[in-house]
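A closer look at the structure
Given next are the chains, with one letter for each unit.
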Amino acid sequence: GEPRDEVKDALKRNPDHPDPSKRPAEWQLYVPGSYGWRDGDWRAMGHEAAPHEAEKLTLVFLTSVAAGLAITITTSPITNARTHIMAHPGRFSGFPSALIHVGREYGFRGYFRGFAAQWARFGPYALVQFICWEKLRSVAGLPGI
C-alpha cells in the first residue's frame, strides 16, 4: 500500500487484538497517541466502538502530515537539482550532473536546502487532498481507506 496507508494502519493498532500483527509495535507502547486510533475498519482492528468524526479527521490530518513529510524527503534532492539546472542554463547535462554538483558543492545537506519551504508546499496539499478524498468516500457511502 501507500505510505499513508501504512501510517494509518500503525496508528490504528489495538493492544487487545488477538492477532499479534494488529497489536502496537514495542516502541508505540512508549509513545502516547501512537496507537489505538479508530477508523472505518474499527471492527477489523478489534476496537469496540466506531470512531467519532473528529477522530477520523484527526487520523487523516496526522497521516497527511506524515505523507507530506515523506513526499518532501523523497523529492527534495530532485527539486534542488532542478533549481540548479534552471538557475544555470547550459551548465549541467541533466539531473545526474546537477545532483553530483549539489553534493560536491553543498554536501549531503545541500540536497535538502529549502526543506521547510518545500514541506510548506507539500504538507497542505496532502492535507487538503486526503481530507477531501475521505469526505468524498464518506458521502458516496464508501468505507474510509
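Please read these numbers as outputs of a predicted model, since none were measured by experiment.

**Points about the overall build of the chain**
Per the secondary structure count, the chain includes 4 helices and 0 strands. The C-alpha radius of gyration of the chain comes to 20 Å, more than 25% above the 15 Å expected for a compact globule of 145 residues. Taken over the C-alpha atoms alone, the chain extends approximately 60 × 35 × 20 Å along its principal axes. Among the 145 residues that make up the chain, the fraction classed as buried is 30%. In the chain, once contacts between residues fewer than 6 apart in sequence are set aside, the share between residues at least 24 apart is 51%. With the model as given, the accessible surface of the chain reaches about 9100 Å², and the carbon-plus-sulfur share is 64%. The chain carries 17 positive and 14 negative side-chain charges, and their two centres are separated by 9 Å.

**What to know about the pattern of salt bridges**
Within this structure, the stated rule accounts for 1 salt bridge. Two residues, Asp9 and Lys12, come together in a salt bridge whose shortest N-O distance is 3.5 Å. Residue class for Asp9 comes out partly exposed when judged on its relative accessible area of 35%. Assessed through its relative accessible area of 1%, Lys12 is described here as buried.

**Quick word on the side chain of Gln28**
Examined against the element boundaries, Gln28 turns out to sit in the loop between helix H1 (3–11) and helix H2 (53–87). Reaching out from Gln28, the side chain makes a polar contact with the backbone oxygen of Ala10 at a distance of 2.8 Å. Excluding residues that lie within four positions of it along the chain, Gln28 makes contacts with Ala10, Leu11, Arg13, Ser34 and Tyr35.

Reading the values: the criteria
Residues numbered from 1 in each chain as written. Predicted model: local features only at pLDDT ≥ 70, side-chain atom pairs only at ≥ 80, totals over all residues. Heavy atoms only, no water. Helix = DSSP H or I, 4+ residues; strand = E, 2+ residues; numbered from the N terminus. Rg over C-alpha atoms; globule rule 2.2 N^0.38 Å. Buried < 20%, exposed > 50% of the residue type's maximum accessible area, 1.4 Å probe, protein only. Contact = heavy atoms within 4.5 Å. Areas by Shrake-Rupley, 256 points an atom, 1.4 Å probe, with all protein chains shown as cover. Lys, Arg positive; Asp, Glu negative; His and termini not counted. Charge placed at Lys NZ, Arg CZ, Asp CG, Glu CD. Salt bridge = Lys/Arg side-chain N within 4 Å of Asp/Glu carboxyl O. Polar contact = N/O pair within 3.5 Å; in protein donor to acceptor, adjacent residues only side chain to side chain.

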